[in-house]
Structures are given as C-alpha cells and as structure tokens.
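Descriptive structure summary
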Amino acid sequence: MIRQRPMLPHAHHSPPATANRRSFTIAGVCAALALGVILAPPILQSAHAATSPTVSLSPQKRPLGHVAPSSYAPNEILVKYATDTPPLARVATARAAGALGVGGDPINLASDTRLLHLSGGVSVTSALHRLRGRRDVLWAMPDYMAHIAGGPIPNDPGLGGAPGDWDLLQWNFVGEFGVNAPEAWANVAADGAPGGRGVIVAVLDTGIAYANRGRFRRSPDFSRYAFVKGYDFIAHNPYPNDHNGHGTFVAGTIAEATNNHFGLTGLAFGARLMPVRVLNAQGEGDASTIAEGVRFAVRHHARVINLSLEFSPGVTASDIPELIEALRYANRRGVVVVAAAGNEGHSTIAYPARSPDVIAVGATTEHGCLANYSNDGSGLTLVAPGGGADAELPGDPNCHPELPPGRDVYQMTFTGSSPRRFGFPSGYEGTSMASPHVAATAALIIASRVLGRHPTPAQVAARLRATARPLGGPGDSSLYGAGLVNAAAATAPGGPGAVAR
C-alpha cells in the first residue's frame, strides 16, 4: 500500500496539513430537521387513564401553563365525546368552541374521539375553555407534538444561517462515516447523563482557550463552567492557556458547548474538561513533561485522558520509561487513556499510542477509507474520523485516492496565531483529530453506566472494539483495528459487557 505525507519528528501533536426507548436513525434526524419537529411533553394518556379517579390531575383539568404553546398544534384539538352524544350535537359543540369542523373518518382514533380544526383567530386555550365542562365532552386536549427520542437536535448553526446547521460541517458526527452522535446523545440523556455529564476528560496538549487572562481569551463556544482546574507544565503555572490552537480544537471535539445557538457541537458536551499544557507553542514537548501531565490528570480525578500527540517513529518504550510508567499508573488507577496512532503513513503505531495501556486510534476519511497519513499495524485499537485524502488500498470499496480528498474536520479554534480570534479554520486533519472522538465516546460510555459505575480501562476498550463498525475487508484489522468508532452503539443499553440495571 502507498502512504504519503510524513510528519514532524519528536514528541508533537499530529498537526494540521495546510424499538427501544431511545432508538432513532440518522434519517430520522434529517427528517426531524426538515419538518421542524419540536420538543414535546409525554404522549397523551388514554381516555380511560384520563377519567380514572386514581389520576391526581386529569387531562381534562390540567392547565396549559405546564407546556409551551410550541409543544402542540396551534389549530387543532382532540375531543372525546360521551358515547350517547348524537352526531348533530357533536357538530354543534364543535362549532360552539370555534371549530371549522370535525376531522374525517376516525379510523385511527379511539371510538367517539374526534380531531377538531379551529377557525382562524381561535386559540387552543379559548377552545379548550369552551369545551371543558360540557356534559357531552369527556375530555378535550391539545394535539401534542412528539419529537425524536432523547431531545431536540442541537440548535448550533455552524457556518449556516439556521439552527441545526452544524451538521453541514460536522460530517464526522452525523455523516455516512461519522460516529452517530445524535443517537449517542439520546442514549446518555435517557440514562440521566446528557452529553456525558459527570465525567472529567483531561486534554494533554498545547493548552485550551479556557479563560480570559491577559492576551488570552476563552473560546466563545466554551462555557466557563465546562472546565476543572488544570496546569501548565511548560510555563510551570496554573494557567494552561492555549498557545497554538491545536489543544482548543481537540477539546472542542470532545466537549464544545452544544445547543447554545452558537458554533459547532462537542461529542461529550456535558463532560468537563481539564486543560493540561504539555506541548509548547510549536506543538512539541518532552516525555518527562507529558508524564507529569498524565500523573496530574490521574491525581485530579480525570476519568479519561486524551493524547493527540506522537513521538518520532524511531522512539521505543525503552526511550521513554517515565512516560510508560505514568501510563501504567493511569491504567492501574482506572483512567482510560486514548492516543493518536501517528501521521507518518507507517505500518507501525507511534508511541504513546503503542503502549498496551493506551487505546490507539487511527484516522479515516469522509469516505470511510483509512486516511493516507494514518499509521496502522498491530496494536491499533480502532479508527475515527480524521479527514483528508484516502489511502491507496486496492480492493477496499471505500477508498478512492484518485478522487478529490474528503473534507477536513472542523471545530472552533484560533483562525490564525492570535489567541483572541476564533473561527472554524480549514486544514485540520490527522490522527490528532481522530483521537478525541474516541476519548469523548469513552466519556459517554462511562457516563451512561452501561458497563456499571466504575468500568475499568480494559472494559471500556473492549466495549469500543465490540461496538465499532467494521471497515475494509477480511484481514484488514491491522489497517482499521476493530473498525470505526460508533458512539451510538457504544452507549446503547445491553450488548457486550453491559451490566443489568
């Protein structure tokens, strides 16, 4: 196979080149966006439940103040008449409430239940007021609107002009070869941990644009509440501001603010980020500094550590013993460590990803092919979206290196060298971009408790492998590991390793 684009030596980031209760499909997501499906309260009770004396507040008596008007159709009302009400009396009752008429054949409605269409200018509230209390009406309710399970699609606009247009850029979350983010969000929301709430993810990188301090500014798509205390092991102070932009990008993929009418989305948007600066403004750092960062993150209660960095191909475990020991320490303490496989296009994974205590992540393109820069080989755990051009892999139906490259990965970060100007710059592709998809998915798995309250790193890694989407053909595990990370399958109830709850 042919690979291209060797990258920087030394320890550096992978740099940018210039019917269950929670299931729904991506097609359903697209349809929901197109139709403007909105948040709704629970489905209507049956007529029996509505009239039962055991119900504390029946639909007939429930005020509309408990839901927003947008939660029900603005010109329709459902009415259940007493069984002995003559048809003409029903029509008279409907007209008295301001209805244009009664809906047609109620073949899919319960007996004696009709859908009333209101006249222009007649509100649902006023029509209900007229209907409720009439002897011939058992109950009258708005025609509530349901939405896809797990909550509405995030309203972040990306570069588009409409809420929800984030998906026009973030193919890596919702595209054909994305990680199925919306369904994963629904899964963890149903588990009471929206966006991975309750999990701390440490980002060991060039820092994060996490706060306003001096010349530095917090990224406008991060809340100040999204962070826990970190440290700068380059400047040796407690202010790990980003001096490069790479760390802010990586952190954004993990936990950029979501559903805030601004910017893009983060995969584990409810998790909290620990900024740990171990790489300098040029994106380089030494093994001892990175080891310090790993130990700091473990001691300060991180559950997941992301390392979007690599050492040069010639570096072995015996060359970085202090870092290897720190990774073992993290594993013993139950912390999941995820790292980039490297960007040299070699058939050998770079350290620290090659460590047996680390989940090693290769990169795929928008087409579902191994990226031409991604390292592969024995020890690769799985792959995730990294963007860029397809590798030359004859026989792989997803690989088309002769065609234009797939899109880059996008997240909010510096648009130039200034830590005060933010946007969605192009040019970010690499295993550095792939790794945080897996780190975020690990955080979602932990938050979901699908593996129990305190899953081990080995259990999380096994779940990631077992739920990954196979790519390539038979015998391609050295290229793709277990396959493409699938955040939806990884957080779904049941399946490999799941515990009874």
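In short, a report on the structure. Model, not experiment: these values are computed from the prediction.

Attention shifts here to the overall build of the protein chain. Within the protein chain, the regular secondary structure consists of 13 helices and 15 strands. The buried share of the protein chain, taken over its 501 residues, is 56%. On the protein chain, roughly 20400 Å² of surface is accessible, and the fraction owed to carbon and sulfur atoms is 55%.

The next subject is helix α11 (residues 457-467). Within α11 the residues assigned to the buried category are Pro457, Val460, Ala461, Arg463, Leu464 and Thr467. Down the axis of α11, the buried set is contained in an arc of 160°. They therefore lie on one face. Residues of α11 that are buried sit in contact with α9 (321-332), β11 (336-340), β12 (359-364), β13 (382-385), α10 (431-448) and α13 (487-491).

What follows covers the environment of aspartate 319. Structurally, aspartate 319 can be placed in the loop between β10 (309-310) and α9. Of the polar contacts made by the side chain of aspartate 319, one reaches the backbone nitrogen of threonine 316; its length is 2.9 Å.

Here we take up the pattern of salt bridges. Per the stated rule, a full pass over the model turns up five salt bridges. Glutamate 325 is the partner of arginine 328 in a salt bridge, and the nearest nitrogen-oxygen pair spans 3.7 Å. Of this pair, arginine 328 and glutamate 325 both sit in helix α9, three residues apart, roughly one helical turn. For glutamate 325, the salt bridge is made with arginine 332, and the minimal N-O distance between the two is 3.4 Å.

Now for the sheet that holds β13. Paired through their backbone hydrogen bonds, the strands of a sheet run either parallel or antiparallel. Here we have seven strands laid out as an open sheet, ordered β7-β8-β6-β9-β11-β12-β13, and parallel in their pairing. Pairing within the sheet leaves two strands with one partner each, and these edge strands are β7 (231-232) and β13. Where β7 meets strand β8 (residues 272-277), two bridges bridge the pair, whose relative direction is parallel. Within β8, the residue paired with tyrosine 231 across the bridge is valine 276. Contacts from helix α7 (residues 246-255) reach β6 (200-205), β8 and β9 (304-307), with the element oriented near 160° to β6.

Attention now goes to α7. Buried residues dominate α7, accounting for ten of its ten residues. For α7, the set of buried residues is His246, Gly247, Thr248, Phe249, Val250, Ala251, Gly252, Thr253, Ile254 and Ala255.

Of all hydrophobic cores here, the largest spans 61 residues; its most connected members are Ile254, Leu267, Leu273, Val304, Ile359 and Val438. It is α10 that provides the largest number of residues to this core, a total of ten residues. In terms of nonpolar packing, the next biggest core, distinct from the first, is built from 50 residues, Phe177, Val276, Phe311 and Val383 among them.

Calculation rules
- Residues numbered from 1 in each chain as written.
- Predicted model: local features only at pLDDT ≥ 70, side-chain atom pairs only at ≥ 80, totals over all residues.
- Heavy atoms only, no water.
- Helix = DSSP H or I, 4+ residues; strand = E, 2+ residues; numbered from the N terminus.
- Buried < 20%, exposed > 50% of the residue type's maximum accessible area, 1.4 Å probe, protein only.
- Areas by Shrake-Rupley, 256 points an atom, 1.4 Å probe, with all protein chains shown as cover.
- Arc of directions from axis to C-beta.
- Contact = heavy atoms within 4.5 Å.
- Polar contact = N/O pair within 3.5 Å; in protein donor to acceptor, adjacent residues only side chain to side chain.
- Salt bridge = Lys/Arg side-chain N within 4 Å of Asp/Glu carboxyl O.
- Pairing = 2+ DSSP bridges.
- Axes fitted to C-alpha atoms, helices over the stretch in contact; angles between N-to-C directions.
- Core = buried A, V, L, I, M, F, W, Y, C linked by side-chain atoms within 4.5 Å.

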